[in-house]
Amino acid sequence: MIQALPSPAAVLDRDCEQRSENGFLDNVQGSPGHRIVLFRGGRALVRDGGLAFLDPAEAAGHLPPGTVTVYLGKTIGVIHSTLPAGTDIVLKVLADDAGDLPWVPGGTFFSGFRDVGEALADADTAIFVEAQAVANWHMSHRFCPRCGAPTIPEHAGWMRRCTADGSEHFPRTDPAAIVAVVGADDRILLASNFAWEANRYSTVAGFVEAGESAEQGAVREIAEEVGVHLHTTHYLGSQAWPFPRSFMLGFVAYTDDIAAVPDGTEVREARWFSRNELQAAVLSGEAIISSRVSIARALIEHWYGGTILEPGDVADKSITDPAGTGAAPSGHATSGGRE
Ligand SMILES: [Zn+2]
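Reading the values: the criteria
Residues numbered from 1 in each chain as written. Predicted model: local features only at pLDDT ≥ 70, side-chain atom pairs only at ≥ 80, totals over all residues. Heavy atoms only, no water. Helix = DSSP H or I, 4+ residues; strand = E, 2+ residues; numbered from the N terminus. Rg over C-alpha atoms; globule rule 2.2 N^0.38 Å. Buried < 20%, exposed > 50% of the residue type's maximum accessible area, 1.4 Å probe, protein only. Contact = heavy atoms within 4.5 Å. Areas by Shrake-Rupley, 256 points an atom, 1.4 Å probe, with all protein chains shown as cover. Lys, Arg positive; Asp, Glu negative; His and termini not counted. Charge placed at Lys NZ, Arg CZ, Asp CG, Glu CD. Donors = N, O, S within 2.8 Å, 3.2 Å for Na, K, Ca; no water. Tetrahedral: all angles 85-135°; square planar, octahedral: opposite > 155°, others 65-115°. Core = buried A, V, L, I, M, F, W, Y, C linked by side-chain atoms within 4.5 Å. Domains from an automatic or database assignment. Phe/Tyr/Trp six-rings, centres within 6.5 Å; stacked < 30°, edge-to-face > 60°. Polar contact = N/O pair within 3.5 Å; in protein donor to acceptor, adjacent residues only side chain to side chain. UniProt positions renumbered as here; feature names shortened; annotations may be inferred. Pairing = 2+ DSSP bridges. Buried area = accessible area lost by both parts, 1.4 Å probe. Salt bridge = Lys/Arg side-chain N within 4 Å of Asp/Glu carboxyl O. Arc of directions from axis to C-beta. pLDDT = per-residue confidence, 0-100.

Engineer: Can you help me understand the overall build of the chain in this one?
Structural biologist: When its secondary structure is counted, the chain shows eight helices and 18 strands. For the chain, the C-alpha radius of gyration of 22 Å lies close to 20 Å, the compact-globule estimate for 339 residues. Projecting the C-alpha coordinates of the chain onto the three principal axes gives extents of approximately 60 × 50 × 35 Å. Looking at the chain as a whole, 46% of its 339 residues qualify as buried. For the chain, long-range pairs separated by at least 24 residues make up 64% of all intrachain contacts whose partners lie at least 6 apart in sequence. Accessible area of the chain: about 16,100 Å², with a carbon and sulfur share of 53%. Taking the average location of the 25 positive side-chain charges in the chain and that of its 43 negative ones, the two points are 4 Å from each other.

Engineer: Even after reading the chapter, I still don't get the coordination of the zinc ion, so can you show me in this structure?
Structural biologist: In ideal tetrahedral geometry, four donors around a metal make angles of 109.5 degrees, whereas ideal octahedral geometry with six donors gives angles of 90 or 180 degrees. Protein coordination of the zinc ion is provided by C144 (SG), C147 (SG), C162 (SG) and D165 (OD), with donor distances spanning 2.2 to 2.4 Å. Between the four donor atoms coordinating the zinc ion, the angles at the centre fall across 103 to 119 degrees, so the site counts as tetrahedral. One chain supplies every donor to the zinc ion, and in sequence these donors are spaced C-x2-C-x14-C-x2-D.

Engineer: I tried to follow the nonpolar core on my own but got confused; where do I start?
Structural biologist: Most often, soluble globular proteins have nonpolar side chains that are buried together. Grouped together as the largest cluster of nonpolar side chains are 54 residues, with contacts concentrated most on L72, L91, I127, F128 and L278. In terms of residue count, the dominant contributor to this core is helix α4 (residues 122-140) (eight residues). The residues that make up this core include at least three from each of domain 1 (12-169) and domain 2 (174-325). Listed in part, the 19 residues of the second largest apolar core include V181, A191, V208 and F251.

Engineer: Teacher, can you tell me more about the packing of aromatic side chains here?
Structural biologist: The relative placement of two aromatic rings is captured by the distance of their centres and the angle of their planes. A full pass over the atoms with the stated rule returns nine aromatic pairs. Here the aromatic rings of F39 and F128 are separated by 5.5 Å at their centres, their planes lie at 75 degrees, and the arrangement is edge-to-face. Of the two residues, F39 is situated in strand β2 (residues 35-40) and F128 in helix α4; the sequence distance between them amounts to 89 residues. No difference in accessibility class separates F39 from F128, as the two residues are buried.

Engineer: Hey, could you run me through the side chain of Q279 in this one?
Structural biologist: By the element assignment, Q279 lies in helix α6 (residues 275-284). At a separation of 2.8 Å, a polar atom in the side chain of Q279 contacts the main-chain amide nitrogen of L309.

Engineer: Could you clarify how one ought to interpret the UniProt feature "domain: Nudix hydrolase" (unreviewed entry) in the chain in this entry?
Structural biologist: Taking the UniProt record as the reference, the feature "domain: Nudix hydrolase" (unreviewed entry) is found at residues 171-295. Taken as a whole, residues 171-295 contains 19% helix and 42% strand, while its terminal C-alpha atoms sit 22 Å from one another.

Engineer: Hey, could you run me through the pairing of strand β3 (residues 43-47) in this one?
Structural biologist: Pairing geometry for β2 and β3, over two bridges, is antiparallel. Its bridge partner being in β3, F39 is matched across the sheet by A44. The antiparallel pairing of β2 with β3 creates a hairpin that spans two residues between the two strands, and G41 there sits at a positive phi of about 55 degrees. Relative to strand β7 (residues 109-111), β3 runs antiparallel, the two sharing three bridges. What sits directly across from A44, in β7, is S111. Alignment of β3 against strand β4 (residues 50-51), held across two bridges, turns out to be antiparallel. Within the sheet, the bridge partner assigned to R47 lies in β4 and is G50.

Engineer: I tried to follow the domain arrangement of the chain on my own but got confused; where do I start?
Structural biologist: Many descriptions give the size of an interface as the accessible area lost when the pieces come together. Taken domain by domain, the chain comprises domain 1 (12-169) and domain 2 (174-325). Spacing between the C-alpha centres of domain 1 and domain 2 amounts to 32 Å. The interface of domain 1 with domain 2 comprises nine residues on the first partner and nine residues on the second. With both chains or domains summed, domain 1 and domain 2 bury close to 750 Å², and 69% of this area falls on carbon and sulfur atoms.

Engineer: Can you help me understand the pattern of salt bridges in this one?
Structural biologist: If the charged atoms of two oppositely charged side chains come close together, the side chains can form a pair. The tally for this structure, following the rule as stated, stands at 17 salt bridges. Two residues, R292 and D313, come together in a salt bridge whose shortest N-O distance is 2.5 Å. Taken together, the positions of R292 in the loop between β18 (288-289) and α7 (295-304) and D313 in the loop between α7 and α8 (322-325) put the pair 21 residues apart, joining distant regions of the chain. E310 is the partner of R297 in a salt bridge, and the nearest nitrogen-oxygen pair spans 2.7 Å. One end of the pair, R297, is in helix α7; the other, E310, is in the loop between α7 and α8, and 13 residues separate them in sequence. According to the relative accessible area criterion, R297 is buried, its value standing at 1%.

Engineer: Explain α6 here, please?
Structural biologist: Think of an α-helix as 3.6 residues a turn; residues three or four steps apart then line up on the same face. Within α6, burial applies to R275, L278, Q279, A281 and V282. Projected down its long axis, α6 carries its buried residues within an arc of 165 degrees, all on one side. Taken from the residues just after α6, G285 is the one with a positive phi, measuring 85 degrees.

Engineer: Just checking my understanding: could you explain the pairing of strand β15 (residues 230-241) for this structure?
Structural biologist: Put simply, side chains in a regular strand alternate between the two faces of the sheet. As defined by bridge partners, β15 adjoins strand β16 (residues 246-255) across ten bridges and the pair is classed as antiparallel. Bridged to W241 within β16 is S246. Counting the residues in the hairpin turn of β15 and β16 gives four residues.

Engineer: Would you explain the confidence of the model for the chain in this entry?
Structural biologist: Here the chain averages 91 in pLDDT, and 92% of its residues register 70 or above. For the stretch residues 320-339, pLDDT sits under 50, and the model shows 41 contacts to residues farther than four places along the chain or on other chains.

This is the structure we're talking about:
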């Protein structure tokens, strides 16, 4: 039995049925208890290492025409000391050319997820990702794909309707398979892309094509990019990755092939690592692996059987060091024996 990746519970109740009713958004925004998340140009307003949840009074009268409003949901538990359970969270997506915003509170600034993601609490991460996904969609779907007429938001920002033909359009995601490839000797195969710094390694990912299952996409992508043939794939879990709109389906997969052959166009190098080799390479800086906010890292650590230490972690006693003892902690089922 292969253990799935952890899947945290939702932090917001999106209230999908109620939010599509007329007047829902007006009711929410008529209450002083709701809070506002601000997005512009793919970046969120943050402060103190977390999202800035603005009091509606702070934004009143300042939001320029063209701002899109989206109901993100109601907090399910207490996610912040300043946000009681049941707080409605509303997203305001400012146009990219919204200009200076001298009214935003001091100490706040706009930041992209890649810059701030590792510092965010889990609840803020979930809200940031939801906001990013729906904001990206609004910015790129202002016109009808059928007739080219403008579309306008409805259903509290979760649908856009064409002003000419009335067609309904919903947020899109592009499914991608991301795969931790494990060899018969239990080593992991990681790839380095031409687009990255030379010593960065990650799992291989690729978009699932139309009419293809995620498993078929995984097998095809791995054959194309690193030249190995998978005999078994196990789905482990998923992650929304709205940059701009990917939906990652994570797999661990197995091959009997020994030689990996990078495609030479996208993948520069494909390299096998044992657990000790990978941990040593990361600690020495010889290899950089994916960030802890990514499903790529979760897949690699699923195979590894614990937390892979970064150079900055060594003094941190709170993180265990399975490689240092040569034994990964139990509790994470992997494909077989340890090295
Ligand atoms: Zn249309």
